[in-house]
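As a plain string of letters, each chain reads:
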Amino acid sequence: MPNAWVLVYACLCLVLGCSCADYDKDEKGRSSTIRKLRKELADCQEHLDFFLDRVILENGYTLAFRGTAGIDKSVYDKYTSDDHDDTPKARKRLSCDCLKVKGRKCKQHYKSRIITGWHNRLNIEKVRVSVYHKGEEKMYLEFNGFNSTYLDFFSQDRLIGSSFIDLDINTPTNYFSIQGHERSPDVQRRFFVNRRYGGRCDHDEGWLLAVDANDNCDYTSRASFPVFLYAGGNTSAIWSQDTKQENEGDTLVVAVQFPPSSTTQCKGKLP
């Protein structure tokens, strides 16, 4: 079977920001690689579509989830739900901007079936979680994705790189998880990477925080949610002193990378 990375690379050749399916409809735009893969995987159409109908970002990662700030829909609830937006019906309703990190007109969260099928036949090498603002990546965390789930990859012992010089697998933290700090209904701090609570809100310090609801700290109080906060420099930030507009992102991205040695298999069902 052809290498999965070849499949992803073929997709990269076609993608300009929307799904590969949009561009693959144009016969003239199909590369010889695409035609060869279609021939080789004629009996495996579902698996072929799974790899070709991906959104490849400029950094080479495949978009798995895109959270949108300020739409008053929980980013955590969408991420952990059983549904995804890769069905034909869902794609018809989906704005193309929701498949771009630079899209400014997206009014929903986008979740690919990579998330729902993470542990089901998907060989994921790396995961990159980023916050973007106006199309620019402001911070990132990279994780080892092998033998992970869509939740437990986001753990400190899997951290292999970041945009911060003071965060690694040995850095003291009090929260480092997607679930984060939850005390229903007033505390919902997700994708939470925090150094410490200082006893008062203006002493709280961390690197990343997706806020799904108002709680008792001023730095989490907004008129609409979710809010994506990040440390603006290359070290952790005191949240109450570091929530200027440039340290609040408009997009939260979870993206994955498949290993070059990964192969597709025509067995079983994809999610």
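The structure we're discussing is the one just above.
Being a predicted model, the structure only gives us computed values, none of them experimental.

### A short note on the state of the cysteines
1) Next: Under the criterion given, the structure shown has two disulfides.
2) Next: One disulfide bridge connects Cys 98 with Cys 106, the sulfur atoms lying 2.0 Å from each other. Since a negative S-S torsion denotes a left-handed disulfide, the Cys 98-Cys 106 link at about 100° is right-handed. A single burial state applies to Cys 98 and to Cys 106, both of which are buried.
3) Next: Between the sulfur of Cys 201 and that of Cys 217 lies a disulfide, 2.0 Å long from S to S.

### Here's the deal with the packing of aromatic side chains
1) Next: Tallied over the entire structure, the rule returns 14 aromatic pairs.
2) Next: A centroid spacing of 6.0 Å and a plane angle of 90° characterise the contact between Phe 153 and Phe 154, whose relative ring orientation is edge-to-face. This pair shows no difference in class: Phe 153 is buried, exactly as Phe 154 is.
3) Next: Here a set of aromatic residues connected by ring pairs shows up, and it is made of Phe 65, Tyr 79, Trp 118, Phe 143, Tyr 150, Phe 153, Phe 154, Phe 176 and Phe 191.
4) Next: A cation over a ring is seen here: Arg 128 above Tyr 140, with NZ or CZ 3.8 Å from the ring centre.
5) Next: Directly above the ring of Tyr 76 sits Arg 190, whose terminal nitrogen or CZ lies 3.9 Å from the centroid.

### Topic: the nonpolar core
1) Next: Ranked by size, the top nonpolar core spans 37 residues in total, and within it Tyr 79, Trp 118, Leu 141, Phe 153 and Phe 154 carry the most contacts.
2) Next: Once you skip the residues sitting within four places of it in the chain, Phe 154 turns out to touch Val 129, Leu 141, Phe 143, Phe 176, Ser 177, Ile 178, Phe 191, Phe 192, Val 193 and Leu 208.
3) Next: Residues Val 55, Leu 63, Tyr 110 and Ala 255 belong to the second largest nonpolar core, which totals 13 residues.

### Considerations on the sheet that holds strand 2 (residues 110–111)
1) Next: As summarised here, the arrangement of the six strands in space is 2-1-13-3-4-5, forming an open sheet in which the pairing is antiparallel. The open sheet has two free edges, formed respectively by strand 2 and strand 5 (159–162), since each of these has just one partner strand.
2) Next: For strand 4 (residues 136–144) and strand 5, the ladder comprises three bridges, and the chain directions are antiparallel. Bridging from a neighbouring strand, Glu 142 pairs with Gly 161 of strand 5.

### Concerning unusual backbone geometry
1) Next: Following Phe 225, the chain continues to Pro 226 via a peptide bond in cis, the omega torsion being -5°.
2) Next: Mapped onto the secondary structure, Pro 226 falls in the loop between strand 9 (205–211) and strand 10 (227–230).
3) Next: Here the phi dihedral of Lys 134 falls at roughly 55°; this positive angle occurs in a residue that is not glycine.
4) Next: Mapped onto the fold, Lys 134 is located in the loop between strand 3 (126–133) and strand 4.
5) Next: Even without glycine at this site, Phe 191 takes up a positive phi of about 40°.
6) Next: Topologically, Phe 191 is positioned in strand 8 (residues 187–196).
7) Next: Taking the relative accessible area as the measure of exposure, Phe 191 reaches 0% and is therefore buried.

Definitions and cut-offs
- Residues numbered from 1 in each chain as written.
- Predicted model: local features only at pLDDT ≥ 70, side-chain atom pairs only at ≥ 80, totals over all residues.
- Heavy atoms only, no water.
- Disulfide = S-S within 2.5 Å.
- Buried < 20%, exposed > 50% of the residue type's maximum accessible area, 1.4 Å probe, protein only.
- Phe/Tyr/Trp six-rings, centres within 6.5 Å; stacked < 30°, edge-to-face > 60°.
- Lys NZ or Arg CZ within 6 Å of the ring centre and 35° of its normal.
- Core = buried A, V, L, I, M, F, W, Y, C linked by side-chain atoms within 4.5 Å.
- Contact = heavy atoms within 4.5 Å.
- Pairing = 2+ DSSP bridges.
- Helix = DSSP H or I, 4+ residues; strand = E, 2+ residues; numbered from the N terminus.

Function cannot be read off these values alone, since they describe shape.
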